[in-house]
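Chains, contacts and geometry: an overview
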Amino acid sequence: MPVLRNRRLWAGVAMAALALSFAGTGQASAADINNAKNAGFESGLTNWTCTAGSGTTVSSPVHSGAAALKATPAGQDNAQCSESVAVKPNSTYTLSAWVQGGYSYLGVTGTGTTDVSTWTPDTTSWKQLSTTFTTGASTTSVSVYTHGWYGQAAYYADDISVYGPDGGGGSDPAPTVPATPTGLSVSSTTSSSVSLAWSAVSGATGYNVYQNGTKITAVTGTSATVTGLAASTSYSFQVTATNSAGESGKSTAVTGTTTATGGNGGGTLPKHAVTGYWQNFNNGATVQKLSAVSSQYDIIAVAFADATSTPGAVSFTLDSSGLGGYTVDQFKADIAAKHAAGKKVVISIGGQNGTISVSDSTSATNFANSVYSLMQTYGFDGVDIDLENGLNATYMTQALRTLSSKAGSSLIITMAPQTIDMQSTSNSYFQTALNVKDILTVVNMQYYNSGTMLGCDGKVYGQGTVDFLTALACIQLQGGLAPSQVGLGLPASTSAAGSGYVSPTIVNNALDCLTAGTNCGTFKPSKTYPDLRGAMTWSTNWDAAAGSSWSNSVGAHVHALP
């Protein structure tokens, strides 16, 4: 926060998404098979060819079986791995694959009709890509490929499928029903939810979760959070493993008991609130003590916590010298004074250069314990998640729920994802927000330093307009977040971000459009959201440097919303 990155790549990706071409889906027949060979990479890279030596096989992460493809792009190479697959002329096939990691593409060429492809942004959990294609009258083989994006993170692929009529090239052995899951346990509880975890099952592509004997959800990972439960109530849970061959038996049952009281997603906050990031460093903006932060800010996010040598753990060191001799005692006293004025102060984790990684149960526990320790030491009311270098939805969820169990119902949890992070509910940030919805305060997406993005209507919008704010906020509002959990994050001045600054008037118009249906641009949401939480800015320091024009205008407007 803020992210000074080149977004031309994302603009191209968004436009490419609109250009995908899909053939009609054919009816499967009894003779249909998966025509891909070594589809799960259990035999290394046999049958596969990867450009520039970019591909290898790994034992973790895998979607099923014991291996998966890992391909690492370079500056001039997109890490394309391909296989020639025998097919039958004039036939329809379903092409699919499970992917994880960096930007991932799946496609086919040489169909004799229309070649197709599909893609997904980076994701920290397995996601299935799928499309269909039809072969031409003389087509007997096609080239199936996966690839990433130039200079981006490595991607993983597993369980490739070219499902349709037998092309004569043979297929891999059919899967068998997976074993019954073991190790089911309750990882955390609130007054309305129970979080579960279990051991992975070889060959499984998904898991079903049962509550009191009734299936309630299906997941692809080895954890799930069951929400909407009654307080102080015991529930029985079991899980099964699934793949295309069928479903395993149910696991040994465990009992989860909800607490008497739980997180209310933000403690005592006004219906409409303004969040501002306070800089614990001097980068040319006005140097402030917390006591000098405008009263228009209801939530102050202290930027930032520091990584430690312990995986997942964070610490905080006040930059006393850079802030004109500001002492720790003064800092603590200023937090207490903000509390007395009805404000909340949270510690922000991440930022543009943040390197904190929560990628397993141990680091999740370390994260929760260290954040809670900072809350006790300084008086922070909670935590802001601003990890701009990726996060793991499973373990960040675990970390936040563990923190909630320690801090109680007054815990504040805010998030500041980038625009690309909230384009789909399958993205790890969006998944995390939905996973902790019952204890989440607000998601203030950064509507800046961004390329063009898709709105909820499927159209492409460019930053710097009312439409960009409203059409992208609509994705979150339609994707499962409560209106009270959605805020608009904008820079306080042109100096605060590389791009995307809009005048306070544009921010206020977007707020009016979303809450009342007035002052909209060309995009108008299908309904209004009068409970929209409000707005956020980077930063209180840059706001002060600009004469507090942002907080005086947007802050007053937010607090005047009905």
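The following paragraphs examine the structure supplied in this document. (Residues numbered from 1 in each chain as written. Predicted model: local features only at pLDDT ≥ 70, side-chain atom pairs only at ≥ 80, totals over all residues. Heavy atoms only, no water.)

1. Here we look at the overall build of the protein
Counting secondary structure elements, the protein contains 9 helices and 31 strands. Scaling as 2.2 N^0.38, a compact globule of 562 residues should have a C-alpha radius of gyration of about 24 Å, and the protein matches this with 25 Å. By principal-axis analysis of the C-alpha atoms, the protein measures approximately 75 × 50 × 45 Å. By the burial criterion, 54% of the 562 residues in the protein qualify as buried. In the protein, the share of contacts with a sequence separation of at least 24, taken over all contacts with a separation of at least 6, comes to 75%. Element-wise, carbon and sulfur atoms account for 49% of the exposed surface of the protein, whose accessible area totals about 20,400 Å². Across the protein, the mean location of the 22 positive side-chain charges is 7 Å away from that of the 28 negative side-chain charges. (Helix = DSSP H or I, 4+ residues; strand = E, 2+ residues; numbered from the N terminus. Rg over C-alpha atoms; globule rule 2.2 N^0.38 Å. Buried < 20%, exposed > 50% of the residue type's maximum accessible area, 1.4 Å probe, protein only. Contact = heavy atoms within 4.5 Å. Areas by Shrake-Rupley, 256 points an atom, 1.4 Å probe, with all protein chains shown as cover. Lys, Arg positive; Asp, Glu negative; His and termini not counted. Charge placed at Lys NZ, Arg CZ, Asp CG, Glu CD.)

2. Side note on the sheet that holds strand S10 (residues 141-147)
The 5 strands are arranged S2-S5-S10-S7-S8 in an open sheet whose pairing can be described as antiparallel. A strand with exactly one partner marks an edge of an open sheet, and here the two such strands are strand S2 (49-50) and strand S8 (116-120). Bridge analysis of strand S7 (residues 104-109) against S8 gives 5 bridges, and the strand direction is antiparallel. Along S8, the bridge assignment pairs tyrosine 105 with tryptophan 119. (Pairing = 2+ DSSP bridges.)

3. Details of unusual backbone geometry
Cis geometry marks the peptide bond from serine 60 to proline 61, where omega comes out at 0°. Its location among the elements puts proline 61 in the loop between strand S3 (55-58) and strand S4 (68-71). Of note, the amide linkage connecting alanine 303 to phenylalanine 304 takes the cis form, showing an omega dihedral of 5°. Within the secondary structure, phenylalanine 304 is located in the loop between strand S21 (299-303) and strand S22 (306-307). Non-glycine residue asparagine 47 carries a positive phi angle of around 75°. With a relative accessible area of 45%, asparagine 47 lands in the partly exposed category.

4. Description of the packing of helix H6 (residues 466-478) against helix H7 (residues 504-516)
Packing of H6 against H7 leaves a shortest axis separation of 9 Å and a crossing angle of 40°. On the basis of their axis angle, the class for H6 and H7 is oblique. Like other packed secondary-structure pairs, H6 and H7 cross with a definite hand, here right-handed. Between H6 and H7, the contacting residues are Val466, Leu469, Thr470, Ala473 and Leu477 on the first element and Ile506, Val507, Asn509, Ala510, Cys513 and Leu514 on the second. Each residue belonging to the contact of H6 with H7 can be placed in one class, and the counts come to 9 nonpolar, 2 polar and no charged. (Axes fitted to C-alpha atoms, helices over the stretch in contact; angles between N-to-C directions. Parallel < 35°, antiparallel > 145°, perpendicular 65-115°, else oblique. Left-handed = near helix turned anticlockwise from the far one by under 90°. Nonpolar A, V, L, I, M, F, W, Y, C, P; charged D, E, K, R; others polar.)

5. Notes on the state of the cysteines
Within this structure, the stated rule accounts for 3 disulfides. There is a disulfide in this structure between cysteine 456 and cysteine 474, and the S-S distance comes to 2.1 Å. As the torsion about the S-S bond is roughly 90°, the cysteine 456-cysteine 474 disulfide counts as right-handed. Remark: cysteine 474 occurs in helix H6 and cysteine 456 occurs in the loop between strand S28 (453-454) and strand S29 (460-461); sequence separation between them is 18 residues. Of the residues examined, cysteine 456 reaches a relative accessible area of 25% and is grouped as partly exposed. When its relative accessible area of 2% is taken as the criterion, cysteine 474 is described as buried. (Disulfide = S-S within 2.5 Å.)

6. Some details on the sheet that holds strand S12 (residues 185-189)
Within a beta sheet, neighbouring strands are joined by backbone hydrogen bonds and run either parallel or antiparallel to one another. Spatially, 3 strands are ordered S12-S13-S16 in an open sheet, and the strand pairing comes out antiparallel. Looking at strand neighbours, the two that pair on one side only are S12 and strand S16 (223-226), the edges of this open sheet. Averaged over all neighbouring strand pairs, the angle between strand axes comes to 25°, with direction disregarded. In this sheet, strand S13 (residues 194-197) lies alongside S12 in antiparallel orientation, the contact comprising 4 bridges. Across the sheet, the residue bridging to valine 186 is leucine 196, located in S13.

7. Quick notes on H6
Each α-helix turn comprises 3.6 residues. Residues three or four places apart therefore point the same way. Between its terminal C-alpha atoms H6 stretches 18 Å, which fits the 18 Å expected from 13 residues at 1.5 Å a residue. Most of H6 sits inside the fold, with 12 of its 13 residues counted as buried. Residues of H6 that are buried: Val466, Asp467, Phe468, Leu469, Thr470, Ala471, Leu472, Ala473, Cys474, Ile475, Gln476 and Leu477. Among the structural elements, helix H5 (428-435), strand S27 (442-446), S28, S29, strand S30 (486-491) and H7 are those in contact with the buried residues of H6. Looking one or two residues past H6, glycine 480 carries a phi angle of roughly 125°, positive in sign. (Expected span 1.5 Å × (residues − 1).)

8. Examining the pattern of salt bridges
Oppositely charged side chains can form a pair if their charged atoms are brought close together. What the rule picks out here adds up to 3 salt bridges. Here aspartate 531 ties to lysine 271 by a salt bridge, and the two come within 3.2 Å at their closest N and O atoms. Here lysine 271 lies in the loop between strand S19 (254-257) and strand S20 (273-279) and aspartate 531 lies in the loop between H7 and strand S31 (534-538), a separation of 260 residues in the sequence. Exposure remark for aspartate 531: the relative accessible area of 39% places this residue in the partly exposed category. Close ionic contact of arginine 401 with aspartate 438 constitutes a salt bridge, the shortest N to O distance being 2.6 Å. (Salt bridge = Lys/Arg side-chain N within 4 Å of Asp/Glu carboxyl O.)

9. Describing helix H2 (residues 328-340)
With 13 residues, H2 extends 18 Å between its outermost C-alpha atoms, agreeing within 8% with the 18 Å of an ideal straight helix rising 1.5 Å per residue. Listed as buried for H2 are Phe331, Asp334, Ile335 and Lys338. Axial view of H2: buried residues confined to an arc of 100°, hence all on one face. In this structure, H2 carries Asp329 and Ala340 as exposed residues pointing more than 90 degrees from its buried face. Just past H2, the residue glycine 342 takes up positive phi, approximately 85°. (Arc of directions from axis to C-beta.)

10. Focus on the nonpolar core
Judged by nonpolar contacts, the single largest core of 97 residues is most densely connected at Phe331 and Phe367. Considering every element that reaches this core, the biggest residue donor is H6, with 9 residues. Setting aside its immediate chain neighbours within four residues, phenylalanine 367 contacts Gly312, Ala313, Ile349, Ile356, Val358, Val383, Ile385, Met396, Ala399 and Leu400. Ranked by size, the runner-up nonpolar core spans 26 residues in total, among them Phe41, Leu69, Ala71 and Val116. (Core = buried A, V, L, I, M, F, W, Y, C linked by side-chain atoms within 4.5 Å.)

11. A closer look at the side chain of threonine 123
Relative to the assigned elements, threonine 123 resides in strand S9 (residues 123-134). Apart from the residues within four sequence positions on either side, threonine 123 is in contact with Val99, Gln100, Gly101 and Ser426.

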